[in-house]
Amino acid sequence: MLGRTLREVSEALKQGLVTPTELCQRCLSLIKKTKILNAYITVSEEAALKQAEESEKRYKKGQSLGDLDGIPVAVKDNFSTAGIETTCASNMLKGYVPPYNATVVQKLLDQGALLMGKTNLDEFAMGSGSTDGIFGPVKNPWSYSKQYREKRKQKSHGENENSHWLITGGSSGGSAAAVSAFTCFAALGSDTGGSTRNPAAHCGVVGLKPSYGLVSRHGLIPLVNSMDVPGILTRCVDDAAIVLGILAGHDPKDSTTIQDPVKPFTLPSLTDMSKLCIGIPKEYLTPELSSEVQSLWSKAANLFESEGAKVIEVSLPHTSYSIVCYHVLCTSEVASNMARFDGLEYGHRCDTDVSTEAMYAATRREGFNDVVRGRILSGNFFLLKENYENYFVKAQKVRRLIARDFVNVFNSGVDVLLTPTTLSEAVPHTEFIREDNRTRSAQDDLFTQAVNMAGLPAVSVPMALSSQGLPIGLQFIGRAFCDQQLLTVAKWFEKQVQFPVIQLQELMDDCSSVFENEKLAFASLK
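As the structure is a prediction and not an experimental result, all values here were calculated from the model.

(A) Just the environment of Ile-376, in detail. By the element assignment, Ile-376 lies in helix 12 (residues 370-382). When its relative accessible area of 9% is taken as the criterion, Ile-376 is described as buried. Here the alpha-carbon distance between Ile-376 and Ala-339, two residues 37 residues apart in the chain, equals 8.8 Å. When residues no more than four places from it in sequence are discounted, the contact partners of Ile-376 are Val-334, Ala-335, Met-338, Arg-364 and Phe-368.

(B) Spatial organisation of the sheet that holds strand 5 (residues 206-209). The strand order 1-3-2-4-6-5-10-11-9-7-8 describes an open sheet built from 11 strands, whose pairing is mixed. Edge positions in the sheet fall to strand 1 (40-43) and strand 8 (310-314), since each has one partner strand and no second. Shown here is a sheet whose adjacent strand axes are inclined to one another by a mean of 30°, direction ignored. Here strand 9 (residues 416-420) pairs with strand 11 (residues 471-478) via 5 bridges, running antiparallel. Residue Thr-419 lies in a different strand from strand 11, and its bridge partner there is Gln-475.

(C) Region of interest: the packing of aromatic side chains. One pass over the structure, following the stated rule, counts 15 aromatic pairs. The interplanar angle of 80° and the centroid separation of 6.0 Å between the aromatic rings of Phe-341 and Tyr-346 together place this pair among those described as edge-to-face. Taking relative accessible area as the criterion, Phe-341 reaches 3% and is therefore assigned buried.

(D) The arrangement of the UniProt feature "active site" (unreviewed entry) in the protein chain in detail. The UniProt record annotates "active site" (unreviewed entry) at Lys-76, Ser-171 and Ser-195. Spanning 120 residues, the named residues nonetheless gather at one spot, since no C-alpha pair among them exceeds 11.1 Å. As for its placement among the helices and strands, Lys-76 is situated in strand 2 (residues 72-76). With near-sequence residues (within four places) excluded, Lys-76 lies in contact with Lys-118, Thr-119, Leu-121, Ala-125, Ser-171, Ser-172, Ser-175, Leu-188, Gly-189, Ser-190 and Ser-195. Looking at Lys-76, its side chain comes within polar contact range of the side chain of Ser-172, at 2.8 Å. One can find Ser-171 in the loop between helix 5 (146-155) and helix 6 (173-180). The residues touching Ser-171, leaving out its near neighbours within four places in the chain, are Lys-76, Asn-120, Leu-121, Asp-122, Ala-125, Gly-127, Ser-130 and Ser-195.

(E) Here's a closer look at the pattern of salt bridges. Summed over all chains, the structure comprises 11 salt bridges. Among the ionic pairs, Arg-197 bridges to Asp-191, the shortest N-O distance being 2.8 Å. For Asp-191, a relative accessible area of 0% gives the class buried. Salt-bridge contacts for Asp-238 lead to Lys-491; the nearest nitrogen and oxygen are separated by 3.4 Å.

(F) Region of interest: helix 4 (residues 103-110). The complete set of buried residues in helix 4 reads Thr-103, Val-104, Val-105 and Leu-108. Each element contacted by the buried residues of helix 4 is listed here: strand 2, strand 4 (186-191), strand 6 (229-234) and helix 8 (237-247). Gly-112 sits one or two positions beyond helix 4 and adopts a positive phi of about 90°.

(G) Quick peek at helix 12. In a regular helix each residue adds 1.5 Å, so 13 residues correspond to 18 Å; helix 12 covers 18 Å between its end C-alpha atoms and thus fits that length. Taken as a whole, helix 12 has its buried residues at Val-371, Val-372, Arg-375, Ile-376, Gly-379 and Phe-382. Buried residues of helix 12, seen end-on, are gathered within an arc of 135° and therefore sit on one face of the element. Those residues of helix 12 that are exposed and aimed more than 90 degrees away from the buried face are Asp-370 and Leu-377. Put simply, Asn-369 is the residue that caps the front of helix 12, since its side-chain oxygen is 3.1 Å from the backbone nitrogen of Val-371.

(H) Up close: the environment of Leu-208. With respect to the helices, strands and loops of the structure, Leu-208 is situated in strand 5. Note on Leu-208: relative accessible area 0%, which makes it buried. Leu-208 sits 14 residues away from Gly-194 along the chain, and the two C-alpha atoms are 9.7 Å apart.

(I) Geometry of the side chain of Ser-172. Mapping Ser-172 onto the fold places it in the loop between helix 5 and helix 6. Leave out the neighbours within four places in its chain, and Ser-172 touches Lys-76, Ser-130, Gly-189, Ser-190, Ser-195, Thr-196, Pro-199 and Leu-233.

(J) Expanded view of the side chain of Glu-123. Here Glu-123 shows up in the loop between strand 3 (114-119) and helix 5. Salt bridges are absent for the buried Glu-123, whose nearest opposite-charge side chain, Arg-373, sits at 7.2 Å. Apart from the residues lying within four places of it in its own chain, the contact partners of Glu-123 are Cys-88, Ala-89, Ser-90, Asp-132, Gly-133, Ile-134, Gly-367, Phe-368, Asn-369 and Val-372.

What counts, and where the lines are drawn
- All residue numbers refer to position in the chain's written sequence, counted from 1.
- Only residues with pLDDT of at least 70 get local features here, since the model is predicted, and only at 80 or more are side-chain atom pairs given and counted; chain-wide, interface and lining totals rely on the full set of residues.
- Where side-chain values are given, they derive from all heavy atoms of the structure, hydrogens and water being excluded.
- Numbering of helices and strands runs from the N terminus; a helix is a DSSP stretch of H or I covering at least four residues, while a strand is a stretch of E covering at least two.
- Working definition: with a 1.4 Å probe on protein chains only, accessible area under 20% of the residue-type maximum means buried, over 50% means exposed, and in between means partly exposed.
- Any pair of residues with heavy atoms lying within 4.5 Å of one another is described as a contacting pair.
- Only strands that DSSP links by at least two bridges are regarded as paired with each other.
- Working convention: axes come from line fits to C-alpha atoms, limited for helices to the stretch in contact. Angles between N-to-C directions cover 0 to 180 degrees.
- Pairs were defined over the aromatic rings of Phe, Tyr and Trp, the Trp ring being its six-membered one, requiring ring centres within 6.5 Å. Orientation was assigned from the angle between planes: stacked under 30 degrees, edge-to-face over 60, tilted for the rest.
- UniProt positions are given in the numbering used here, feature names are shortened, and annotations may be inferred rather than shown by experiment.
- Polar contacts here mean pairs of N or O atoms no more than 3.5 Å apart (in protein, one a potential hydrogen donor and the other a potential acceptor; neighbouring residues in sequence count only if both atoms are side-chain atoms).
- A pairing counts as a salt bridge when a side-chain nitrogen of Lys or Arg comes within 4 Å of a carboxyl oxygen of Asp or Glu.
- How far a helix is expected to stretch is found by multiplying one less than its residue total by 1.5 Å.
- Of all possible arcs, the one meant is that of the directions from the helix axis to the C-beta atoms.
- The charged-residue count follows a simple rule in which Lys and Arg add positive charge and Asp and Glu add negative charge, with His and chain termini not counted at all.

Dropping the structure here:
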């Protein structure tokens, strides 16, 4: 069951081929077997088994709550979870247990989902590698895949394989790794500048950033309020649509959510491709883009064209300003949001009692890492009275121009934009840490940041394996609140490319036999 889609497993639960408790136990077993990945900060084993027991009772009575009832899920550790520690991978919140659930978490639980645990991330979601949290870096499951190891054996001579583990991307790397390694069927991430799509591309899974305002941010510990969106990570586009259909909708606790009722996100089949127009932004063809990603991007465009879709080159002229603009706005909001962590009400508090100011300073020095402190300093600099007009206000004006670029393109008749998600495949950790956090984030989120500034929906879909045997994903960008159309196109693309399943037999020991046995169990579902 673990290698199947959410919809397939939901059907198996309804047919009695497997019970929620059995499913939960298998996932818990895999979490332990794949502990080397460091995907989870907290594993809520006791709570998950209790939830599975309740789900089992409902199935026996024929009272299933829906497609998510009895399905194991994971949640990034910057979403509040009642009774479960929520740390943001920071000393500042280590030991903090929220008294309430984030709206998206509550919606999952209300549908009968089993919460397996809280996943690892960059501290306060500030990073693009999931390497900068206090619990250590997340390792990409593809580091241990048969596909990657076989390619490495051909090129390495006596090198230690374990020293060449790959980053997951970030900051939602724990959630991406958890889904990729079959420890859950869906996971929540957060996406401020690509933090769901980036690790999805590196881990070979689907990463969806919904339209800003479609999904509630209540209970998501904020990084950048005007750009943060709860993200969804699954193994196929259909599963992402199922989860989005449950999470979307107005929340009175989040004034930025849309007022209109949301229809279920059922994805129709694309039949008449001649009515579809795909835009290729010329500014995204950058010198830093790897030749393999560029080649697959061209192949994807040719695929749409060969099937009858109209594929045209478009211009997003202010793209080159997006990195600087994003940095100014992001750090400014970070400085404001991080002010709440002062050691008085919750979280870490230092032992200094010389004065209130000394206590504030020591608490924040001990609680935040260098990356967080650096962004707070930058943000406060941009917000100084003498700098406000020259930096923050100008960045807001550029943000408006970036958003208008997208509006102009979509108004010209383009339905969906097709772009790379990342510059290259996942890189080894040793290579990744040569650059500082700010430089890495600017490079790795080059194609994803502008989407957040414009509030648009975007999804990363894995396309193929590189020559190194690693996943490469492409990004689809849609019109605001046209998430269903976006996912319909992405689903068609996913079906055409047939991305291969990760082979993790070496890492999971006896789990390969489990997957083989499950093929027989699913014969009745076909």
